[in-house]
Amino acid sequence: MERYKTYSGHLKQIYGEKVYKLPVNLPVTCPNRMDGDGCSFCGGVGTGFEAMNCETSVSEQLLTTKEKIAKRYKAKKFIAYFQNYTNTFLPVKQLEEYMIEAARMEDIVGISISTRPDCITRDYLDCMKNVSDTYGVKISIEYGLQTVNYKTLEKINRGHSLAEYLDAVLMTAPYGFEICTHIILNLPGDDMRDVIETAKILSVLPVQIVKLHSLYVPKGSRLYKEFEEGKVSMCSAEEYLERLVTFISYVRSDMVIERLFSRVPKEDASFSNWGISWWKLRDQFDAIMEERNLTQGCKADYQNGAALRRWRIC
């Protein structure tokens, strides 16, 4: 029994076979780092740990990574994943050139673009739509939100509030692109109420995919200094699993769950996943879901006039 909707299953349903994302590192930074150190959990090298040097051409990055994945997993279809930093912080024409270079590659069926919700306009969306229509590639956009708690967003120096995220999602939805949202379930200052509210807000929006992260502490980040000085603490693995189970229970049943835990090289972080491998944590999560007989969306009863149903008005 599938207790939640997996990303791998979602891709297989669309393309009829396994599809793998190939990370692409573009020569771009983040607007939140232009006048400071960016988000407190940013280590200065972004999140593209598996990506190649940004000076390497898009074609070469894709070819090199594709060969490794194809050899190991016998894959034949791929998504070019513009992963690191804020990819729409490039001029529109420059981003378009990179997208076209990726779209022209053999076996590339989609392009996924990671960015911030305060760094998108219709000019970028029009450009993406043109590339999608011209080259027949499916476009998805990944927005980093992390939490709906505006106080926590301010504490981690996120540089935007919930409003910018809502604006970006509502602007993007009419284009028909898949929208993915990144969420960190154990940010210091957030509690279970924030987990539930985040699941609810994502569920009532035209968002199709959520990528969940467990907070890690990258070296060189402001969070690293605060963590080493004992100014911030992490919740336990057991607490994270409870938050994860709760989130999955409240998020709507058709939402695709792309990831449950962060994956980061040990040498790049002073804290990551409580020293437990991500797949062991996943097994524990699966066991809890089965033991409690929970499924994705089993508590998603808050839409479409919940009070009317409660009092049997309709």
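The structure this text deals with has already been given above.
In this text, all values refer to a predicted model and were calculated from it rather than measured experimentally.

(A) Main features of the packing of helix α7 (residues 192-203) against helix α9 (residues 237-250). Direction vectors running N to C along α7 and α9 enclose 30 degrees, while the axes themselves pass 9 Å from each other. Put simply, α7 runs roughly parallel to α9. Between α7 and α9 lies a crossing whose hand is right-handed. When α7 is examined against α9, the residues M192, V195, I196, T198, A199, K200, L202 and S203 are found in contact with a partner set consisting of E239, E242, R243, T246, F247 and Y250. Its residues assigned to classes, the contact of α7 with α9 shows 7 nonpolar, 3 polar and 4 charged.

(B) Seen up close, unusual backbone geometry. Its identity is not glycine, yet N157 carries a phi of approximately 60 degrees, on the positive side. Taking the relative accessible area as the measure of exposure, N157 reaches 31% and is therefore partly exposed. For W274, which is not glycine, the phi torsion reads 55 degrees and is therefore positive. Mapped onto the fold, W274 is located in the loop between β9 (269-271) and α10 (278-291).

(C) Region of interest: the pattern of salt bridges. Under the definition given, this model contains 15 salt bridges. Between D118 and R116 there is a salt bridge, and its shortest N-O distance comes to 2.9 Å. The class for D118 is partly exposed, based on a relative accessible area of 33%. Within this structure, K21, E142, K211 and E258 form a network of salt bridges that share partners.

(D) Representation of the packing of aromatic side chains within the structure. Tallied over the entire structure, the rule returns 7 aromatic pairs. Ring centres 5.4 Å apart and planes at 65 degrees place the aromatic pair Y4 and F285 in the edge-to-face group. Of this pair, Y4 sits in the segment before α1 (7-15) while F285 sits in helix α10, and the two are 281 residues apart along the sequence. A centroid spacing of 4.9 Å and a plane angle of 20 degrees characterise the contact between Y20 and Y73, whose relative ring orientation is stacked. Of the two residues, Y20 is situated in strand β1 (residues 19-24) and Y73 in helix α2 (residues 58-73); the sequence distance between them amounts to 53 residues. Y73 gets classed as partly exposed once you look at its relative accessible area, which sits at 38%. Through a chain of ring-to-ring contacts, three or more aromatic side chains come together here, namely F227, Y240, F261, F271 and W274.

(E) Expanded view of the pairing of strand β4 (residues 138-146). Most of β4 sits inside the fold, with 8 of its 9 residues counted as buried. Bridging between strand β3 (residues 108-115) and β4 involves 6 bridges; their strand directions are parallel. Residue pairing across strands places I113 opposite I141, the latter belonging to β4. In terms of handedness, the path from β3 via helix α4 (residues 122-135) over to β4 forms a crossover that is right-handed. Across 6 bridges, β4 lies against strand β5 (residues 178-184) in parallel orientation. Within β5, the residue paired with E142 across the bridge is C180.

(F) Highlighting the state of the cysteines. Applying the stated criterion across every chain, the model contains 0 disulfides. Distance from the sulfur of C235, which forms no disulfide, to the nearest cysteine sulfur (C39) is 19 Å. Given a relative accessible area of 16%, C235 falls into the buried group.

(G) Inspection of the nonpolar core at higher detail. In this structure, F82, I111, M128, L212, F247, I248 and F285 are the most contacted members of the largest nonpolar core, which totals 74 residues. What I111 contacts, discounting residues up to four positions off in sequence, is I79, A80, F82, M99, A102, A103, V137, K138, I139 and S140. If you look at the next biggest cluster of nonpolar residues, it comprises 13 residues, including C42, I156, L215 and V232.

So, how was this worked out
- Residues numbered from 1 in each chain as written.
- Predicted model: local features only at pLDDT ≥ 70, side-chain atom pairs only at ≥ 80, totals over all residues.
- Heavy atoms only, no water.
- Axes fitted to C-alpha atoms, helices over the stretch in contact; angles between N-to-C directions.
- Helix = DSSP H or I, 4+ residues; strand = E, 2+ residues; numbered from the N terminus.
- Parallel < 35°, antiparallel > 145°, perpendicular 65-115°, else oblique.
- Left-handed = near helix turned anticlockwise from the far one by under 90°.
- Contact = heavy atoms within 4.5 Å.
- Nonpolar A, V, L, I, M, F, W, Y, C, P; charged D, E, K, R; others polar.
- Buried < 20%, exposed > 50% of the residue type's maximum accessible area, 1.4 Å probe, protein only.
- Salt bridge = Lys/Arg side-chain N within 4 Å of Asp/Glu carboxyl O.
- Phe/Tyr/Trp six-rings, centres within 6.5 Å; stacked < 30°, edge-to-face > 60°.
- Pairing = 2+ DSSP bridges.
- Right-handed = clockwise from strand over helix to strand, strands pointing away.
- Disulfide = S-S within 2.5 Å.
- Core = buried A, V, L, I, M, F, W, Y, C linked by side-chain atoms within 4.5 Å.

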